[in-house]
Amino acid sequence: MEKVLIFGHKNPDTDTICSAIAYAELKKSLGVDAEPVRLGEVNGETQYALDYFKTEAPRFIEKAASEAKAVILVDHNEFQQSVEDIKEVSILEVIDHHRIANFETSDPLYYRAEPVGCTATILNKMYKENGVEIKKEVAGLMLSAIISDSLLFKSPTCTEQDIQAAKELAEIAGVNAEEYGLEMLKAGADLSDKTVEQLISLDAKEFPMGTYKVEVAQVNAVDTNDVLAKQTELEEALNKTIAAKNLDLFLLVVTDILNNDSVALAVGSKTEAVEKAFNVTLENKTALLKGVVSRKKQIVPVLTETFNAL
C-alpha cells in the first residue's frame, strides 16, 4: 500500500497538529501506511503539548504530490488553507469541524464534518467505532486539541460532546484537564519571543467572503496590551501582507484568555465591514469585541454575511 499523508491547515494550531498525529495512529492500526505532516511552524502552545506527552512534531512539507498520490485532510477543507499542490493529489478523506467552502474533488471520498468544537472530538468517536484503544500520549494530544479549540471549555464552539471526550481522554492520559489546560494555554500566550511577522501568521486563515478576500489571524494573550503595544509595527506588517496577497481586509484578533474578550485590529480597504458586522466603531483601527473568542463561530460567519451584503 502506498503512503498516505495526513495534515491540517497552514499556520497550524494545536488541533491541526495533534489531530494529524492521532488520525495517523488510528489509520496505521487499521493497516494504512499513514504519516502525519505539517504545513507550517509549531506554535508555543502546541510545542508545550508535544513536549509534555513526549511526542515529536510531524515533519514540515510545502508540497505533497512529489511524495504521495493520496492525502487525508484534518481540521480544514478550504483549498487556500491547504498544501500548495492540493489539486495535484487525490483527497481520500476529510475529517473536519469547519464550514465547507472552496472544496471539490473529482472522485468520491469519505467526508466527515460535525458541528463540534474540535476535530479531535470526532477522532475520539472514530477510535471507538473502530474498536481501537487510544495510547496514553495520543489521548493527551487529543485532549490538548480540545482544550485549545474550546479555550478550556469556555468558547461558544464547545459542545457537550467536546466536554465528554475531554473527560475520557484526560482519564486515559492521566492528567487533570483544568490544571494541565491552563498551563498549556499560558504557554501559548507567551508572546515575548515572537516577532511581529510571527504574531500575524501564527494562526492566520484566508477566507473568500462574497467577492472579497479576507484574512483573519488570531493571537491568544494573557494581556492584550502585550500585543497592541506593537500596533505601529503590526500595521506595517499587515499592510505588506495585504499588498502581497491582494486582500481587502486583514483582521487581527487578540483574544484575552482570562477574560474571554478580544480586541480587533482591522487594516485594509474594507474595514467598515468590521464595524457593521460587530456593531462597533473602530478607533485607531481597533475595537473591543466583548465576549468574542471564536473565529469559526463568532467572527467568520458574521463577517461573511456582511461582505455578501456589500
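A quick note: this is a predicted structure, and the numbers were derived from the prediction, not measured.

Q: Quick question: what am I supposed to make of the sheet that holds strand 9 (residues 249–256) here?
A: Neighbouring strands of a sheet are bound in pairs by backbone hydrogen bonds; such pairs are parallel or else antiparallel. With respect to topology, five strands assemble into an open sheet ordered 7-8-9-10-11, the strand pairing being mixed. Two strands close off the open sheet at either side, each with one partner strand: strand 7 (204–209) and strand 11 (286–289). Taking each pair of neighbouring strands and ignoring which way they run, the sheet shows an average axis angle of 25°. Note: strand 7 against strand 8 (residues 212–221), six bridges, orientation antiparallel. Within the sheet, the bridge partner assigned to M209 lies in strand 8 and is Y212. Across the sheet, helix 11 (residues 295–309) touches strand 7, strand 8 and strand 9, and the angle it forms with strand 7 is around 30°.

Q: Hey, could you run me through the side chain of N77 in this one?
A: Relative to the helices and strands, N77 is located in the loop between strand 4 (70–74) and strand 5 (90–96). Within the local environment of N77, its side chain forms a polar contact with the side chain of D96, the two groups lying 2.9 Å apart. Within polar-contact distance, the side chain of N77 engages the backbone nitrogen of A101 at 3.1 Å. Discounting chain neighbours no more than four positions away, the residues touching N77 are V94, D96, H98, R99, I100, A101, N102, F103 and Y111.

Q: Just to check I follow, could you spell out a nonpolar patch on the surface for this structure?
A: Taken together, the side chains of L182, V222 and L258 present a nonpolar region at the surface, about 220 Å² in accessible area. Position of L258 among the secondary structure elements: in the loop between strand 9 and strand 10 (261–268). According to the relative accessible area criterion, L258 is partly exposed, its value standing at 45%.

Q: Sorry if this is basic, but what is going on with the environment of E197 here?
A: In this structure, E197 sits in helix 7 (residues 196–199). Classification of E197 by relative accessible area gives partly exposed; the value is 49%. C-alpha of E197 to C-alpha of K230: the two residues are 33 residues apart in sequence and 11 Å apart in space.

Q: Help me out: how do you make sense of the pairing of strand 5 in this one?
A: Consecutive residues of a regular strand have side chains that alternate between opposite faces of the sheet. Taken across its seven residues, strand 5 has five buried, putting it largely inside the fold. With five bridges joining them, strand 4 and strand 5 adopt parallel strand pairing. From the neighbouring strand, A70 faces strand 5, where its bridge partner is S90. In this sheet, strand 6 (residues 110–113) lies alongside strand 5 in parallel orientation, the contact comprising four bridges. Paired with V94 across the bridge in strand 6 is Y111.

Here is what the cut-offs are and how they apply
Sequence positions are assigned chain by chain, starting from 1 and proceeding in written order. Only residues with pLDDT of 70 or above have their local features reported here, since the model is predicted, and side-chain atom pairs are shown and tallied only from 80 upward, although totals for entire chains, interfaces and linings are computed over all residues. Excluded from the side-chain calculation are hydrogens and water; included are all heavy atoms of the structure. A pair of strands is labelled paired if DSSP reports no fewer than 2 bridges between them. Helix and strand assignments come from DSSP, with helices taken as H or I runs of at least 4 residues and strands as E runs of at least 2, each series counted from the N terminus. In this analysis an axis means a line fitted to C-alpha atoms, helices contributing only their contacting stretch, and an angle means the value between N-to-C directions, from 0 to 180 degrees. In this analysis, two residues are considered to be in contact whenever any of their non-hydrogen atoms come within 4.5 Å of each other. What qualifies as a polar contact is a pair of N or O atoms within 3.5 Å, subject to a donor-acceptor requirement within protein and to the restriction that residues adjacent in sequence count only when both atoms come from side chains. Only residues whose relative accessible area exceeds 30% and that form no salt bridge enter a patch; like-charged residues are grouped when within 9 Å of one another, and nonpolar side chains (Val, Leu, Ile, Met, Phe, Trp, Tyr) when within 5 Å. In short, Shrake-Rupley with a 1.4 Å probe defines the accessible areas, and a residue's cover is counted only from the protein chains shown. A carboxyl oxygen of Asp or Glu within 4 Å of a side-chain nitrogen of Lys or Arg is what we treat as a salt bridge. Each residue gets one of three labels from its accessible area relative to the maximum for its type: buried under 20%, exposed over 50%, partly exposed in between, using a 1.4 Å probe on protein chains only.

Don't take any of this as a statement about function, it's just geometry.
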